[in-house]
Amino acid sequence: MSTGASAPGGVELHVHLAALLRARKLPELVACWTGAADGQRTPAAARSAAIALAEMRQLDEAQRVIDRWLADASDVATRILCARVAFDLGHYRVAIDRLEPLVTSPAARPSWWIIYLRSALGCSDPERALRLHAAYAALTEQDTAVGRAHAELLAMAGRRGDAETAFRRLLAARPDDAALAAAAGEFFLREFPEQTDSALEQLHRLARDPLLTPETVRQLNMLPAFYRDDASALAWRSAWIAAVRALTVAARNSPLRGDERALCLTTTPFLLAYHDADITEAQSAWGDFVEAVAAPLRLPLVAGRARGIRRIGIVSNRLNESSAGRFFNAWIDELLAAGFDLRLYAIGPRDEVTAKLANRAPLQHLGVDEIHRWQTVRDTILRDEVDALVFPEPQGSPLLLLTAALRCAPVQCAGYGNPLTTGLPSMDYFLSPDAAEVSSPTSHYRERVVRLAGMGTRIAPPPDVNPRSLADFGLAEGPRYCLISQQLQKWSPTFVDAVITLLQRDSSTRIVRFPHGSAGVSSAAFDDMLAARCADAGLAMAERVLTLPWLSWADFLALHRHMQVSLDTWPFGGGSTTVDALSQSLPVVTRSGLFLRGRQSTGLLRLAGLDSLAVDTPAQFVERAIEVARSPHEFMAARQQTDTSVLHASGETVFASIAEFISSL
């Protein structure tokens with residue numbers, strides 16, 4: 001042990017550690033705790049050690065100290081410490097349970113309430129915190145952070161009017177608070193997407209006066225989910241590109257370091273992917289910005305490695321039961337069968353699938369999928385000295401995107417879990433499904449495109465399901481039902497036009513959908529938009545567009561057996577939902593897009609011998625949907641199973657599998 005790592009003679013360990021904590025000698029404190037015998041350790045000493053570890057962002061170690069030495073502690077200071085560590089680890093329920101007895105006491109502090117309210121937001125349980133509103137009502141006026149969290153809880157609970165009033169009151173009192181302005185801006189854009197003029201002007205201001213902070217990047221990425229027309233969407237993209245390029249220059253010159261810098265990447269412009277246009281320029285501009293932020297956080301790779309590609313890492317927040325997991329977890333078996341030394345890095349949720357994968361290859365669970373885990377993820381991967389990293393869904397979270405930008409391996413590959421270019425200079429290859437890709441995709445990607453045969457993987461089929469009656473879903477016999485399973489932000493203006501036309505053309509048709517609200521658009525805002533469009537077309541939305549509650553996967557699959565056709569959205573279509581529909585013999589009608597994100601259903605239909613269900617224009621989409629809905633069984637009876645092993649692109653190499661491609665390196 002290094003000098004100073006043990007307590008001086010005659011000084012109790014907890015006293016020495018407390019002195020080191022006051023002196024901010026955190027590494028020395030941790031070394032002293034680590035080297036101490038169990039007989040010297042006490043809860044008081046453990047509290048100092050846990051504080052030091054938490055402040056050094058070694059949260060897993062801090063939690064282990066808490067679990068061993070402080071689990072039963074009831075004093076206020078220890079409960080607050082435990083709640084803070086649980087919150088940072090994403091254990092929001094634990095944080096709430098620790099804090100609730102404290103925040104309702106007369107001695108409650110604003111900082112305690114902030115963690116409590118943020119935990120309620122983190123675990124999507126607004127009502128639990130709102131029930132205690134009387135206890136912290138005064139703080140919503142006195143403390144901006146408390147007031148902001150309260151307003152966000154109201155929005156999460158669906159109380160749009162109350163949330164709007166709360167945000168406007170806070171903005172009037174504190175117009176210069178950047179964090180408040182960003183949170184309020186997100187709320188108004190999500191709940192009232194037609195009122196976007198102020199947000200667009202904010203982009204113009206950022207282009208003129210860029211400053212790298214988490215708040216400015218959050219404001220940068222506040223984009224509408226709906227646009228009046230293509231010209232409006234183009235105006236937004238142009239303003240966004242100008243702003244992100246200005247912020248890229250600011251990032252290169254910014255003095256921010258460590259977590260302060262990483263926290264500038266807590267949001268992404270994911271709504272750009274739903275534009276019906278070529279967004280390669282915008283994605284590349286974003287990639288340049290991420291590179292500028294990440295470059296000072298990067299560590300050098302180990303020099304002198306010349307062994308070729310032997311050790312491969314897969315980094316994902318979908319190494320679990322998920323749609324992306326169904327598509328890409330098969331890559332693990334392919335790479336193991338090819339003899340590679342495989343390492344799995346699981347971020348975020350884990351379940352039985354994660355446990356099964358851990359039996360197949362070394363798996364490290366790297367904690368909650370939050371940006372503050374970046375250093376743990378980076379250092380863990382670098383220690384393993386992998387030769388190549390594969391990101392099945394690299395834009396699935398800000399943490400994954402930052403990890404890719406940190407360049408933790410000599411070769412990096414992006415999967416098509418996000419079916420568009422990452423825009424990152426640090427991403428070398430994009431693994432694309434040949435059955436769905438366009439004939440000449442090079443100009444749409446910053447990475448080098450690698451075409452994999454068919455859909456590039458073996459997609460896990462859904463489980464068998466028990467039958468349900470139509471009445472079980474609250475639906476009546478008689479109408480023809482068209483199912484739309486996609487998230488609301490995927491309903492582009494031209495897709496909505498097609499749905500309206502379909503309803504006008506066939507009076508017996510009913511649309512069945514789900515309340516897929518998201519960070520970009522709320523269900524209420526979407527309903528307002530769709531109701532207005534239906535009214536303009538002379539349609540009664542309540543009668544013609546039916547919204548079902550959330551269903552279990554088994555019930556969701558059972559519902560397909562009562563539908564006549566599934567309608568795929570554009571320009572961003574489905575993947576896993578198309579697999580689900582075809583597995584239940586439900587035909588899917590899609591409009592083949594100009595880019596991969598609008599062609600996954602086309603590829604799946606092609607491989608299933610259902611090419612006629614993929615059309616080229618909105619008018620053809622409406623015609624085919626009506627035709628199929630009237631005789632769905634005839635279309636599925638004509639289905640021809642085809643050879644999915646290889647579909648060659650003209651003049652280009654198509655690899656049979658990811659293992660074959662990596663072996664070729």
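Let me sum up the structure you'll find in this document. Predicted model only: the values in this text are computed from it and were never measured.

Focus: the overall build of the chain
- A count of helical and extended segments in the chain gives 31 helices and 14 strands.
- For 665 residues, the compact-globule formula gives about 26 Å, and the C-alpha radius of gyration of the chain, at 27 Å, lands near that figure.
- If one aligns the C-alpha atoms of the chain with their principal axes, the spans along those axes are about 90 × 65 × 55 Å.
- Counted over contacts in the chain with a minimum sequence separation of 6, partners at least 24 positions apart contribute 68%.
- Working note: accessible area of the chain is about 27200 Å², and carbon and sulfur atoms make up 51% of it.
- A gap of 3 Å separates the mean positions of the 67 positive and 74 negative side-chain charges of the chain.

So, the packing of aromatic side chains
- All chains considered together, the criterion is met by 26 aromatic pairs.
- On the numbers, 5.1 Å between centres and 40 degrees between planes, the contact of Tyr274 with Phe572 is tilted. With Tyr274 in the loop between helix H16 (258–262) and helix H17 (280–294) and Phe572 in the loop between strand E11 (565–567) and helix H27 (576–583), this residue pair connects regions lying 298 residues apart in the sequence. Each of the two residues, Tyr274 as well as Phe572, counts as buried.
- Pairing Phe495 with Trp570 gives two aromatic rings, centres 5.2 Å apart and planes at 90 degrees, and the pair type is edge-to-face. One end of the pair, Phe495, is in helix H23 (residues 493–505); the other, Trp570, is in the loop between E11 and H27, and 75 residues separate them in sequence. Comparing Phe495 with Trp570, the two get one shared label, buried.

A short note on unusual backbone geometry
- In this chain, Trp570 is followed by Pro571 through a cis amide linkage whose omega measures 5 degrees.
- Structurally, Pro571 can be placed in the loop between E11 and H27.
- For Arg24, which is not glycine, the phi dihedral falls at a positive 60 degrees.
- For Arg24, the location among the structural elements is in the loop between helix H1 (13–22) and helix H2 (26–35).
- You will see that Glu385, though not glycine, has its phi angle at about 50 degrees, which is positive.

So, the side chain of Arg79
- Of note, Arg79 is situated in helix H5 (residues 76–88).
- Within polar-contact distance, the side chain of Arg79 engages the backbone oxygen of Arg98 at 3.1 Å.
- When residues no more than four places from it in sequence are discounted, the contact partners of Arg79 are Ala73, Ser74, Asp97, Arg98, Pro101 and Leu102.

Let's talk about the nonpolar core
- The biggest cluster of nonpolar side chains holds 104 residues, and the ones touching the most others in it are Trp240, Trp286 and Phe289.
- With 9 residues, helix H15 (residues 230–253) is the single largest residue contributor to this core.
- Here Trp286 is in contact with Val217, Leu220, Asn221, Trp240, Val244, Leu265, Thr267, Thr268, Pro269 and Leu401, once residues within four sequence places are set aside.

Notes on helix H22 (residues 398–405)
- Most of H22 is tucked away, with 7 of its 8 residues classed as buried.
- Every buried residue of H22 is listed here: Leu399, Leu400, Leu401, Leu402, Thr403, Ala404 and Ala405.
- On its buried face, H22 is in contact with H16, H17, strand E1 (311–316), helix H21 (374–384), strand E4 (388–391) and strand E5 (411–414).
- Looking one or two residues past H22, Arg407 carries a phi angle of roughly 50 degrees, positive in sign.

Quick look at the pairing of strand E7 (residues 448–452)
- Across the 5 residues of E7, 4 count as buried, placing the element largely inside the fold.
- Note that strand E6 (residues 429–433) and E7 share 5 bridges and pair parallel. In the sheet register, Tyr429 faces E7, and the bridge partner there is Arg448.
- Bridging between E7 and strand E14 (residues 654–655) involves 2 bridges; their strand directions are parallel. Within E14, the position partnered with Leu452 by the bridge is Phe655.

Observations concerning the pattern of salt bridges
- Enumeration over the complete set of coordinates arrives at 42 salt bridges.
- Measuring nitrogen to oxygen at the nearest pair gives 2.1 Å for the salt bridge that ties Arg24 to Glu55. Taken together, the residues Arg24 in the loop between H1 and H2 and Glu55 in helix H3 (residues 43–55) connect sequence positions 31 residues apart.
- Residue Glu55 is classed as partly exposed on the basis of its relative accessible area, which comes to 41%.
- Among the charged side chains, a salt-bridge network with shared partners connects Arg118, Glu152, Glu186 and Arg218.

How each quantity is defined
Residues numbered from 1 in each chain as written. Predicted model: local features only at pLDDT ≥ 70, side-chain atom pairs only at ≥ 80, totals over all residues. Heavy atoms only, no water. Helix = DSSP H or I, 4+ residues; strand = E, 2+ residues; numbered from the N terminus. Rg over C-alpha atoms; globule rule 2.2 N^0.38 Å. Contact = heavy atoms within 4.5 Å. Areas by Shrake-Rupley, 256 points an atom, 1.4 Å probe, with all protein chains shown as cover. Lys, Arg positive; Asp, Glu negative; His and termini not counted. Charge placed at Lys NZ, Arg CZ, Asp CG, Glu CD. Phe/Tyr/Trp six-rings, centres within 6.5 Å; stacked < 30°, edge-to-face > 60°. Buried < 20%, exposed > 50% of the residue type's maximum accessible area, 1.4 Å probe, protein only. Polar contact = N/O pair within 3.5 Å; in protein donor to acceptor, adjacent residues only side chain to side chain. Core = buried A, V, L, I, M, F, W, Y, C linked by side-chain atoms within 4.5 Å. Pairing = 2+ DSSP bridges. Salt bridge = Lys/Arg side-chain N within 4 Å of Asp/Glu carboxyl O.

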